[in-house]
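One letter stands for each residue in the lines below.
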Amino acid sequence: MKLRILVILVVLALIAGVAYRIQTQQAGDARQGGDRVLVVKTVPVTVREFPRVLDLPGTLEAAQQVAIVAQVSGTVLKQQAQEGDAVRAGQILFSLDARPAQTRIAQSQATLSGARAEAAEAQKKLERLAPLMQSGYISQQEYDDARLALEAARARAGTARADLQAAQLDVQYAQIRAPIAGRVGRINVRPGSLVQAGGEPLTTLIAPGALDVRASVAQQDWPELAAARAQGKVTAEVSPDAATSVQAHGELVFVDSQIDATTGAVPIKVRLVDTPPALLSGQGVRLRLLLGVEPDARVVPEAALQHAQAGDYVYVVRDGRAVVQPVRLVRSLDGLLMVEGELRAGEPVLVEIPQRLKAGSAVRLESAAR
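Worth saying up front: this structure is predicted, and the values here are computed from it rather than measured.

Engineer: What's the story with the overall build of the protein chain in this structure? I'm lost.
Structural biologist: Helix and strand content of the protein chain: four helices and 21 strands. Intrachain contacts of the protein chain at a sequence separation of at least 6 include 74% that bridge at least 24 residues. Accessible surface, the protein chain: about 22,500 Å² in total, of which carbon and sulfur atoms supply 52%.

In structure tokens, the structure reads:
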């Protein structure tokens, strides 16, 4: 019985010793961790000019393009151009059935001949009656009737002449020609199709040369663009997407005089200076308007900015410690931020925040670590 009690006492003593040792070691580690200097990665604050830009989605379109629409109704007899063909101005693209118009020409010519004959006969009659009326052999009413008959015959001749000219125009319009030199787009009709005057476009001609970018500026961004235009011309950069380098440069050439009621934005147009083959009409692009620069801007990387309920801030290394410096974000561009706050040029700001970092923690710059 005594031996068992002795063994129990020895085991309890060993357990108490191990527990004490663990607690002492943890306390020491905690004290050591609290005083440990953290190695941090920083980037110096730069003070320089910061671009003022406006990034917008846009759509490319040919600076000159024409929708080919039939001016007369009729059946397509021939298609003289194919999709993608380069055509010259005046070249025939489609031929419509002109027989109805040719029939009207024959009818109008016959009517015109008859009206001219009536007018000639009425003129002769009036000339015969003039001396008789002066001598009193006929009444004034009889003479006036003859003059009215002449005017009516002349009017019928004029109407017939107009009908003839209209029919002749319709024959010409049956030959649908290219108004400009360009490349034929998608063709929406084929021989045998019935087309209507002023109906859907038969195809589109795209002139070679400059491209335009159509875009819209939101109402809240409009004052800044208006201010930039007041200072001079506004240039632009165009790229297929945000991840691709600039493909072309251009200049703002059009700003609408009113806000689009459907979008709540102001339509604009930029004309490209050059037309690289990588850009095509109808393609969606990223448009960047260059509105000017902000002088003496404090610039930090995007990774340096931290957020809290009280506002934005950055960690700045001062006297070997991480100091919280409140800032206000003004602009962002390609991973860089323009901020306002008590920052000095060259002052290191943290771009990677260790989990154990707190305001006032002792730190050492990564480049100075040994």
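There's plenty left to go through after this.
Engineer: Which parts of the structure should I look at to understand the pattern of salt bridges?
Structural biologist: Where side chains of opposite charge bring their charged atoms close, a pairing between them can arise. On inspection of all chains with the given rule, the structure shows 18 salt bridges. Residue R104 is joined to D170 by a salt bridge in which the shortest nitrogen-to-oxygen separation is 2.8 Å. You can see R104 sitting in helix 2 (residues 99-135) and its partner D170 sitting in helix 3 (residues 140-173), a full 66 residues away along the chain. The partner of R331 in a salt bridge is E294, with the nearest N and O atoms 3.6 Å apart.

Engineer: Looking at this model, I keep getting lost on helix 2. Mind explaining?
Structural biologist: Helical geometry note: an α-helix holds 3.6 residues per turn, so side chains three or four residues apart project in the same direction. For helix 2, with 37 residues, the first-to-last C-alpha span of 55 Å sits near the 54 Å given by 1.5 Å per residue. At L129, helix 2 shows its maximal bend, which comes to roughly 30 degrees, and the proline P131 appears one to four places after that position. Residues of helix 2 that are buried include every one of A101, I105, S108, L112, A115, A119, A122, L126 and L129, and no others. Against the buried residues of helix 2 lie helix 3. Directly after helix 2, the chain includes G136, whose backbone phi takes a positive value near 85 degrees.

Engineer: I keep staring at the side chain of Q325 and nothing clicks. Help me out?
Structural biologist: Tracing the backbone through its elements, the reader meets Q325 in strand 18 (residues 321-333). With sequence-adjacent residues up to four places away left out, Q325 is seen in contact with Y313, V314, V316, R318, E342 and L343.

Engineer: Hey, could you run me through unusual backbone geometry in this one?
Structural biologist: Comment: phi is negative for the bulk of residues other than glycine, and the bulk of peptide bonds are trans. Despite not being glycine, D296 shows a phi value in the positive range, around 50 degrees. Looking at the secondary structure, you find D296 in strand 15 (residues 284-301). For D296, a relative accessible area of 58% translates into the label exposed. With phi around 55 degrees, D319 is a residue other than glycine that occupies positive phi space. Note that D319 resides in the loop between strand 17 (311-318) and strand 18.

Engineer: Got a minute to help me understand the sheet that holds strand 6 (residues 92-96) in this structure?
Structural biologist: Across a sheet, paired strands are connected by hydrogen bonds in the backbone, their directions being either parallel or antiparallel. Ordered in space as 7-6-4-9, the four strands form an open sheet in which the pairing is antiparallel. Two strands in the sheet have a free side with no partner beyond their single neighbour: strand 7 (175-177) and strand 9 (194-195). Across two bridges, the pairing between strand 4 (residues 74-79) and strand 9 is antiparallel. Residue pairing for strand 9: T75 is matched across the bridge by L194.

Engineer: In this structure, what is going on with the packing of aromatic side chains? I would like to understand it.
Structural biologist: To describe a pair of aromatic rings, you give the distance between the ring centres and the angle between the ring planes. As enumerated under the stated definition, the model contains one aromatic pair in all. Ring geometry for Y313 against Y315: centres 5.6 Å apart, planes inclined by 90 degrees, an arrangement best described as edge-to-face. For the pair Y313 and Y315, a shared accessibility class is recorded, and that class is buried.

Engineer: Help me understand the nonpolar core, please; the structure alone is not making it clear to me.
Structural biologist: Within soluble globular proteins, side chains that are nonpolar generally end up buried alongside one another. Within the largest apolar cluster, 24 residues are counted, with the highest numbers of intra-cluster contacts made by V213, L225, I268, L272, L279, L287 and L289. Ignoring any residue separated from it by four or fewer positions in sequence, one finds V213 in contact with G58, T59, L60, V238, I268, K269, V270, L272, V285 and L287. Ranked by size, the runner-up nonpolar core spans 21 residues in total, among them V76, A81, V87 and F94.

Criteria and cut-off values
Residues numbered from 1 in each chain as written. Predicted model: local features only at pLDDT ≥ 70, side-chain atom pairs only at ≥ 80, totals over all residues. Heavy atoms only, no water. Helix = DSSP H or I, 4+ residues; strand = E, 2+ residues; numbered from the N terminus. Contact = heavy atoms within 4.5 Å. Areas by Shrake-Rupley, 256 points an atom, 1.4 Å probe, with all protein chains shown as cover. Salt bridge = Lys/Arg side-chain N within 4 Å of Asp/Glu carboxyl O. Expected span 1.5 Å × (residues − 1). Bend = angle between axes of the 7 residues up to and from the residue. Buried < 20%, exposed > 50% of the residue type's maximum accessible area, 1.4 Å probe, protein only. Pairing = 2+ DSSP bridges. Phe/Tyr/Trp six-rings, centres within 6.5 Å; stacked < 30°, edge-to-face > 60°. Core = buried A, V, L, I, M, F, W, Y, C linked by side-chain atoms within 4.5 Å.

Take it as geometry only, folks, not as evidence of what the structure does.
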